[in-house]
Structures are given as C-alpha cells and as structure tokens.
Amino acid sequence: MGQSMFIFFLVKGLEISAPIAFAALGAVFSERSGVVNIALEGIMIVTSFTIVWASIALQSVWLGLFFAVIAGSFIALIHAVVTVTFKVDQIVSGVALNIFAFGLARFLSQKVFGQETQTPTNPYLFPQLLGVNSVAFWLIPIAILAWFVLYRTVFGLRLRTVGENPEAADTLGLNVYGLRYTGVIISGAMCGMSAATLFPSQWISGMTAGRGYIALAAMIFGRWDPIGAVLASLLFGYADTFRIMFETKIPIPSQFVQMFPYILAVVVLAGMVGKARAPAADGKPYIKGED
Amino acid sequence: MNVPLLEMKGITKRFPGVLANDRVSFDLYAGEVHALVGENGAGKTTLMKILYGLYSPDSGEIFINGEGIHIKNPREAIHHGIGMVHQHFMLIPPFTVLENIIIGEESHRAGILKLDEPANKIREIMEDNNLIVELDARIENIPVGLQQRVEILKILYRGAEILVFDEPTAVLTPQEVHELFKTFREMKKRGKGIIFISHKLDEVLEIADRITVIRKGKIIRTLERKEATKPLIAELMVGKPVLLEVKKPEVKVGEVVLEVKDLRIKSPRGYDVVAGVDFNVRSGEVYGIAGVEGNGQSELVEAIAEDVPIKNGDIILMGKSIVRWDVRRRREAGISHIPEDRHRYGLLLPFSIAENLTLGMHYREPFVNRLQVMNRKAIRDFAKGVIEKFDIRTPSEMTPAHALSGGNQQKVIVARELSAEPKLLLASQPTRGVDIGATEFIHNQIMNAKGEGRAVLLVSADLDEIMSLSDRIGVIYKGRIIREFQRSETTKEEIGFYMMGEKEAEKEAGEGASGGGEERADKAADKGGSGDEA
Ligand SMILES: Nc1ncnc2c1ncn2[C@@H]1O[C@H](COP(=O)(O)OP(=O)(O)OP(=O)(O)O)[C@@H](O)[C@H]1O
Ligand SMILES: [Mg+2]
C-alpha cells in the first residue's frame, strides 16, 4: 500500500479503536475500585443517543458531549447505588442495566424524533484531523493522564487500595463506598467519550455492536492497567480497521471476516487464563464490619 | 503518670444472641504493656474494635488522658492516637511497603503523591524502634514477620500513642517473637502504651506489666505481673483449674503408614516449593514438621491430602502409591486432614454444625439412603453424639458454623476428622488462634489418636506444640527437611535455629562456644534427660 494509504490506516485505526479504548480506560477505574461494570455496553448505547440528541437540540456537539458524559455518569451512578450501597450482585445489575438502556434509548428516540430505531442525522460534528474525528486523538493524553492518576496520585492509591482490600481501607479511615462510587462513575463518564468517537452524526439502534463488552475484554487483556487496556483496545480496533479496509479484497464471506475481532478477543482471553490477576476484591460487595 | 493514657468504662456490646462485652472497664498507662487474655469468644477483639471505632458500643465511655471522647470510626481513633495491629493483617499484597504504610496519610502536592518525605520519616521511625524493612519491597514477597513490622510502622507513622496488638504472635517464629518483644520494650521506653492479646501465657508472662482476664464478656480480674502465674491465669480464664500438660500415651511404634520419597512440587512461580522431601511416619507415632511458614510445609501436606500435580517422587500409604488417587479415594483409604485455613478449607460456614460434621461421609449410609437422599435424623443423631463426645459448645447441632467462636469451629473439624477413624491424621496448625482450654483438648485428642495406633503428621509454627506432641521432628527449610531429630535428643532453641536455615544454625552453634559440634552434642544429651520426664 502507498504511504498515504498507510497513514490513513494508522489514523483510521485510532478512530475505530477510540470508543473501545475510552470505555476500557473507564472500566479500569471501576474494576480497580472493586466493581465489575458490564453495563458499559448499555451505557454506551445511552451516551451515543444522548450526544446526538443534545447536539441537535442545543446546536453544539460540545454541549452534546457534555450531556453524553453526564448521561453516562448517571447510568453508572445507578449501577453504583445498586451494587455498592445495596450490594446487589454486580453482574445481575449490569445485565439489568444493559437491557434497560437498550429500551430506554429506543423509547427516547421514539418520543423525541418519532422513530424508534434511528435518529435524524446530526449536522454538528467535531472538527476533523487528518481525515478523522479529532476527538480520537485525545485518547493519547487521556490514557497518560489515567495512568498518572492511578499510580501517582493520592486518589489513585486509595482507589486501588479499596479494590484490593476494602476492609483494610476501612481500618485506615478511607471512605470505601465513596471511592467505589467515584470509580464506577468515571467508567460511565468515559462512555461519553466513547460516544463522541463512535458515531456522533447519528444514532442507530444496535450501533454499539458489543463494543462495551470488547472494552471489558481489552481491560482484562490489558491487565487492569490504563496503558495495557489502551494497547489491547488498539489491537482490537486495528484488527477491525484491517477488516473494514480490506474486506472486499479477501475471498471469504464477509460474515466470517466480521467475526474476526471477536474471535481475536476470545482467543486472546483464553490464552490469558491464570496469567492476569484481577484486583483481589474485584466483584465483591463490601459489607462493613458489624452488620 | 496518675492519669491513665486510656480508660474504658462500662463498655457494653451486644450482638444478636451474645453479650460480647458486659460493662467492661479497662485502662492503660503510658509506658506499660497491658495484656488482655481470655478464651475464644470472650470478647477481646470486640473490645478492641470498639476502641478503634470499628464497632460502636451500646453503652460505656472512653477517656484519653482523662478526657472523654467519642470514637465513631477508625479515622477518629487514629486522630486520637490509637493504632491497631489486627488479628488478620490489613495489608495490600501487591503494593510496596512504603505504599502500605502511607495509605490514608499520604503527603501530597495538589493531590500528587510525594514519596520522599514520608520515606525519610519512616526510616527515622525504623531506626528508633528496631523495625527495619525494605521500603521498596512488595508485601507479597516478604515473610510474615516483616509484614507485621509493616503493620507496626503503619501505626507508628500515624503517631499512635496507644498500640493494640491482637494476637500478633500467632504467626511468628520464636525468634520473631523475640524481636517483637524488643520492639515493645523500645516503645515502652518512649512512653507508649501497649495492649497485647495472646493465647500463649508464657509470652504474656514474659512481656506484660499487668494482665487482665476476660471471661464471657466480663472482666474477671486484673493481675499485677508479680502475682501472676500460669495456672492462676488459666484458671481465671476458664473458670476452673486447667491441666497444662498433655499426657503422652505409651505406645509401641508400629509399621510405616506413610512414606514420602524425594517429593518435589513446582510452585506457580516456577521454583520448587517442595524440593526433595523424604520421611516416613509410623503407626502410633507423631511426626512433627517444624518450620517458618512458607517453607513448603503447606504444599507438602496438600500433596498428601489431595491430588495436586507433583513434579517428582512418590507418596506411599500402607505400601501403596497414592499420588494418582483423588481425594475421596485417599480419604477412604484412611487419610484425615485438619487443614491450616479452617475457614477456607475446613468448614462450610453457612452450613449447620451437623452438616459440617458429616462432610466427607455425607454420601454414605446411614447419612443417605439407597437413593442418595439425605437422612436428616441420622445426621442429627450422629452430630449430637459427636458434639457431646468432643465438648463442642454450641446452642444446637443445627446452628450454622459461622456463629461459633474460633476454638469451637476448630473442635468441629477435629471431631469430624477423628471420627472418621483414620490410619493417618494430617494436622496442620491444629490449634492456631485457639484458647488454652481448646488447645489442651485438641492436644489430648491427638494423643488419643496416637494411643490408638494412628499415625499423625503434625505441622505447626508453634514450637511448644511441636515439642510437646512429637516423637520425631523434621525441620523444613526452603522446601527440604534439613534435619531430623528424635524428640528426646533436641531442644526448642536448637530447632528454632534450624528453622532459620542450616547456615544460621551452624553460626549460632559456633558462636555459642568453641567446638560447636561437641557443645551441641552435650546439650542434647543434657536435655535428653529432662525431656523424658516432661
Ligand atoms: N460481627 C459479629 N456479629 C455477631 N457476633 C459477633 C461478631 N463479632 C463477634 N461476635 C461474637 O461476640 C463474641 C466475642 O467475640 P470476639 O471476637 O470479641 O472474641 P475474642 O475474645 O476475640 O475470641 P478469639 O480469641 O477467638 O479471637 C463471640 O461470641 C462472637 O461469636
Ligand atoms: Mg479475637
């Protein structure tokens, strides 16, 4: 391929990886605090609807992004209330939220735009850079920032403590529930960033296509580490980009080619068994001493 | 000096169905070690958790330096200068020592961690208190004794004046206990007050200035060190005189029951945790394995009890190789196992005591009928008999296991494993964290098993236990049994030195006098006599 084609492949890959990577970064914060968030998929559905809706309504994609972040945080907050305060199983809550989000977006679309499965196109878009959505490039500084926050700040140290041993955190006077809420909400907010890079020009039911789950896989493959999660997301994203750019040139039925990133995810995760170590208290509700 | 550092007055705390603390009063002066002793479930930990703000008392008052305070959570306790080393360590294994110490009290600029300042402050505290640890090491890579130092550094770093130690010695070697007590003496000199909880009365008598005995939630008496003796404390704790000795039955040692040959086991981290172990246990014999925790003893016992992958070697029970057998087949062939972690492997905590007592036999008649349907009545009747025979203190056989105190939970396991009438009993840390009454009981049960001609493999970090029960003793170090002794030919000190490795042992022996080898032989002969009469 020519040089310009190669550069296009590079930036296109970044754009396609970005929604996964932002969600995976968010998931790192949630899981490091000890809460498994499989509601990422549903949150992404809601944020990608919200960004379109708010952009059209307020005539600015930046305000659209703002409200997408708010909407994502809000759904995540529900997950936090249910799992942290009320100690409901985190998987059950996540599944319920995914089903709820799927219906909620369709319901709102019907109410607002009179169409259940898609919205009109949104003319307010982010600036382009090198032929792709410029927000995708934010991934790099945000990933570095996430790493810094997790490993170099007081907040990061405390968040990781809570995910490893909430009982110890409690005896040290840390606010276990508060930290877990924060971790979960960050994961929701980051799904707002996913929406900004996924397809802000229109919402179509089903457009997230399992990216929330791929993001979870990327986070695990990336060993619960921000940089690792982003690199894993790039692996999945570039695999997908390769498929999109060269699908028509490969003599295999396209359905099989489309399965490729998912098969990659399964193979990679299967190979990881026993190697990665989740935060010790990941997925476990914390019940304070006495009750 | 006349105003106590800490005074707790009339503390009452009720849990569903138990009065854990009943109008308890307790005080502590600067520069003293005040020991708190009592049976399992007497309410020691509860009282300390109230002090540390983890539980709130139903009634009662707390004064620090004469001033009444309310402690609502650990943060406030820390603020008032109270620090606690918990019964179960509160450390984060993948974090560094430094991180573990500063969590919650970090130095920072605009939220960004500053590590140099605390590191310097901690180094100073380490020097002052004889508590040296590598700050950059990860907790998961350092031994238990050092982990405990990290716990102590954690509370000193927070400027604690009142230090609570809840059973700190349960996991330490004699040498480590010695080091810990040195630290206690350092801290006393600096005017700190120390509350020390332990089930080991020798330790209490060695270090405490005052001793308070608590029984069933009530303070029984506070003794001055001068007036305290081991039998007196034991009697106050239990409420009746306690025999502090185990009767060793006279039995003929019989044929070899268990033989382990050149056993090697690879750890998940790649090295050999068990690196070529050979020994045997005969019927009517107790073989004790002494060693600092983490030297392969857990893996060794696991390999005998369960079908874990081994790298090399053989395990032979009554002449048959069992390495390929599954757990059920091993149990049916006569292996019983008291596991070291009673909560993870020994009990199903939410299940009733009756169910726990029949585990492992639950699939056999009379506990099930021919259609494999459980026979509740048979299970309950069996349980009632065992509860009676083994003196398990419980409201009923249907009580869930988690509602029992630690000592009674341990009795359930011992009772179950012994009622299977094994040929070989594997006992790992059988009395860890168990009070003197229950310890005495479990020791006697093990001696009974020996008397009945069973073979016993005893693994314990408690040297007194090893010394008082074993006929032969193997010292395990870095996955190998580096020395084997007849009980009558060795001393506690000698074993203790070998637990630190051969080199250490020889160094110590060499330092003791010129011609270390002869000296040791003399000492052994010397102690041999006194050992027999004990
Ligand atoms: N969180 C709790 N909920 C209900 N009961 C409890 C709780 N904690 C302790 N208890 C009960 O309170 C009593 C006192 O327990 P505590 O842990 O204080 O005993 P302890 O003296 O520390 O015993 P040990 O020597 O076994 O550690 C026991 O009967 C115990 O079962
Ligand atoms: Mg206790």
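Residues numbered from 1 in each chain as written. Chains lettered and ligands numbered in written order. Predicted model: local features only at pLDDT ≥ 70, side-chain atom pairs only at ≥ 80, totals over all residues. Heavy atoms only, no water.

## Considerations on the interface of chain A and chain B
Interfaces are frequently sized by the accessible area removed from exposure as the parts join.
Now for step 1: Facing the 21 residues of chain A at the interface are 28 residues of chain B.
Now for step 2: Its salt-bridge partner being A:Arg160, residue B:Glu99 comes within 3.9 Å of it at the nearest N-O pair.
Now for step 3: For the pair chain A and chain B, the interface holds six residue pairs in polar contact (both at pLDDT 80 or more).
Now for step 4: A per-element tally of the side of chain A that touches chain B places helix α6 (residues 154-164) of chain A first, with six residues. (Contact = heavy atoms within 4.5 Å. Salt bridge = Lys/Arg side-chain N within 4 Å of Asp/Glu carboxyl O. Polar contact = N/O pair within 3.5 Å; in protein donor to acceptor, adjacent residues only side chain to side chain. Helix = DSSP H or I, 4+ residues; strand = E, 2+ residues; numbered from the N terminus.)

## Observations concerning the packing of helix α9 (residues 211-221) of chain A against helix α10 (residues 226-246) of chain A
All names here are of chain A.
Now for step 1: Between α9 and α10, the shortest axis-to-axis distance is 7 Å and the interhelical angle comes to 130 degrees. Judged on the interaxial angle alone, α10 and α9 are oblique. In this structure, the crossing between α9 and α10 has a hand that is right-handed. Taken together, the residues of α10 that come into contact with α9 (itself represented by Ile214, Ala217, Ala218, Met219 and Phe221) are Gly228, Ala229, Ala232, Ser233, Leu235 and Phe236.
Now for step 2: Looking at the contact of α9 with α10, its residues break down into nine nonpolar, two polar and no charged. (Axes fitted to C-alpha atoms, helices over the stretch in contact; angles between N-to-C directions. Parallel < 35°, antiparallel > 145°, perpendicular 65-115°, else oblique. Left-handed = near helix turned anticlockwise from the far one by under 90°. Nonpolar A, V, L, I, M, F, W, Y, C, P; charged D, E, K, R; others polar.)

## A short note on the packing of aromatic side chains
Each pair of aromatic rings is reported with the distance of its centres and the angle of its planes.
Now for step 1: In this structure the tally under the stated criterion is 18 aromatic pairs over all chains.
Now for step 2: Aromatic pair A:Phe66 and A:Phe67: ring centres 5.2 Å apart, planes at 85 degrees, arrangement edge-to-face.
Now for step 3: Three or more aromatic residues link up through ring pairs in this structure, and these residues are A:Phe49, A:Trp53, A:Phe113 and A:Trp203.
Now for step 4: One cation-aromatic arrangement involves B:Lys121 over B:Tyr157; the distance from NZ or CZ to the ring centre is 4.4 Å.
Now for step 5: The ring of B:Phe441 carries the charged tip of B:Lys411 above its face, separated from the ring centre by 5.1 Å. (Phe/Tyr/Trp six-rings, centres within 6.5 Å; stacked < 30°, edge-to-face > 60°. Lys NZ or Arg CZ within 6 Å of the ring centre and 35° of its normal.)

## With respect to the side chain of A:Ser93
Now for step 1: Assignment of secondary structure puts A:Ser93 in helix α4 (residues 90-113).
Now for step 2: Discounting chain neighbours no more than four positions away, the residues touching A:Ser93 are A:His79, A:Val82 and A:Thr83.

## Looking at empty space enclosed by the protein
Residue and element names in this part refer to chain B.
Now for step 1: A full pass over the atoms with the stated rule returns three cavities of 30 Å³ or more.
Now for step 2: Of the pockets and cavities examined, the largest cavity occupies roughly 70 Å³.
Now for step 3: Looking at the lining of the largest cavity element by element, the count peaks at three residues for helix α5 (residues 144-157).
Now for step 4: Across the lining of the largest cavity, the residue classes break down as six nonpolar, two polar and three charged.
Now for step 5: By volume, the second largest cavity amounts to about 50 Å³.
Now for step 6: Looking at the second largest cavity, the residues that line it are Pro143, Val144, Gly145, Val171, Leu172, Thr173, Glu176, Val292, Glu293 and Ala461.
Now for step 7: Taken together, the residues of the lining of the second largest cavity break down into six nonpolar, two polar and two charged. (1 Å grid on protein atoms, 1.4 Å probe; cavity = no way out; pocket = protein on both sides within 12 Å on 5 of 7 lines; lining within 4 Å. Points joined across faces, edges and corners; volume = space filled by probe spheres on them.)

## Observations concerning the confidence of the model for chain B
Atomic detail in the predicted coordinates should be set aside for any region of low pLDDT.
Now for step 1: On average, residues of chain B carry a pLDDT of 87, and 93% of them reach 70 or more.
Now for step 2: Both scores are available for the predicted complex, with the pTM at 0.80 and the ipTM at 0.88. (pLDDT = per-residue confidence, 0-100.)

## Thoughts on the pattern of salt bridges
When the charged atoms of two side chains with opposite charge come close together, those side chains can pair.
Residues and elements named next belong to chain B.
Now for step 1: Summed over the entire model, instances satisfying the criterion amount to 36 salt bridges over all chains.
Now for step 2: For Lys230, the salt bridge is made with Asp202, and the minimal N-O distance between the two is 3.4 Å. Within this pair, whereas Lys230 is found in helix α8 (residues 230-238), its partner Asp202 is found in helix α7 (residues 201-207), the two being separated by 28 residues in sequence.
Now for step 3: Arg264 is paired through a salt bridge with Asp262; the nearest N and O atoms lie 3.7 Å apart.
Now for step 4: Overall, the relative accessible area of 27% leaves Arg264 in the partly exposed class. (Buried < 20%, exposed > 50% of the residue type's maximum accessible area, 1.4 Å probe, protein only.)

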